[in-house]
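In case you want the letters, here they are:
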Amino acid sequence: MMPYTYILINFFTVIICFLASFDRRIQFSRFFGKFLLSSTIVAIPFIIWDIWFTSKEVWWFDLKYTLGFKIAGLPVEEWLFFYCIPFSCVFTYYCLEKYFTLDWMRAFNNLIVFTALIILGVAGLLYYERIYTLLTVLVTIITLCYLHFIAQKEWLGKASFVYTVLTPGFFAVNGILTGSIIPSPVVNYNPDDFLGIRMGTIPLEDAVYGYSQFLLNIYFFKKITKNERI
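Cut-off values and rules
Residues numbered from 1 in each chain as written. Predicted model: local features only at pLDDT ≥ 70, side-chain atom pairs only at ≥ 80, totals over all residues. Heavy atoms only, no water. Salt bridge = Lys/Arg side-chain N within 4 Å of Asp/Glu carboxyl O. Helix = DSSP H or I, 4+ residues; strand = E, 2+ residues; numbered from the N terminus. Buried < 20%, exposed > 50% of the residue type's maximum accessible area, 1.4 Å probe, protein only. Core = buried A, V, L, I, M, F, W, Y, C linked by side-chain atoms within 4.5 Å. Contact = heavy atoms within 4.5 Å. Expected span 1.5 Å × (residues − 1).

## Quick look at the pattern of salt bridges
- A full pass over the atoms with the stated rule returns 8 salt bridges.
- Lys 222 is the salt-bridge partner of Glu 97, the closest N and O atoms lying 3.4 Å from each other. Of this pair, Glu 97 sits in helix 3 (residues 76-99) while Lys 222 sits in helix 8 (residues 204-225), and the two are 125 residues apart along the sequence.
- The salt bridge partner of Arg 106 is Asp 103, with a shortest N-O separation of 4.0 Å.
- Look at Asp 103 and you get partly exposed, because its relative accessible area is 31%.
- When salt bridges with common partners are traced through the structure, they connect Glu 97, Asp 103, Arg 106, Glu 154, Lys 158 and Lys 222 into a single cluster.

## Overview of the nonpolar core
- Ranked by internal contacts, the top residues of the largest apolar core, which has 65 residues, are Phe 28, Tyr 132, Trp 155, Phe 214 and Leu 215.
- Per-element tally for this core: the top contributor is helix 3, with 12 residues.
- The residues contacting Phe 214, other than those within four sequence positions of it, are Cys 89, Tyr 93, Ala 159, Val 162, Tyr 163 and Leu 166.

## Some details on helix 8
- Taking 1.5 Å per residue, 22 residues should reach 32 Å; helix 8 reaches 32 Å between its end C-alpha atoms and fits that length.
- With 18 of 22 residues buried, helix 8 lies mostly within the body of the structure.
- The first or second residue beyond helix 8 is Lys 226, which carries a positive phi of 55°.

And the structure:
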């Protein structure tokens, strides 16, 4: 059973959302092609980042929890991760936006962005020698600045709220990957390359990394569907 751990994490992360996509009241299935395109656009730079960090042993994978197949140094399950997690996230955002009025979160756009930029900027300056911390900070700052100041997307507050709603799922999935309920982590981190602050077993950087990835998936999905009310 152990070699199926990571693939089962991916499976159980996506299966409920996938099946619900065919519900006639939701009909998210009509967006499958556009989702695959948008998620691939986002996945490419993050996978390159992943390959590089793995090669430098910033993090590494315990292959006893995988099927043993690797592409460019990454377990095939890791590649699937960049589609399964975003699918569930984008699907959840779609449903919440479809059935609930979340426009009131626009009022918090500036507060969220400026607070995040200050905290990230300070962290980047203080811990620039820790590569995972620094790169996570830079990517998130660039993402927020582009979406807020250049693209001027009014859904940033709404997306941030949805990401908060998704937090229990984030803790469940990432917690297992980092060893919360299994004998040892699937993903291991070099202690010299991140802050060392963990939420349970999860590095703090993972939550920030996930936030920027989430925002970019929403952005490209909305862009490709050409509908701000996806």
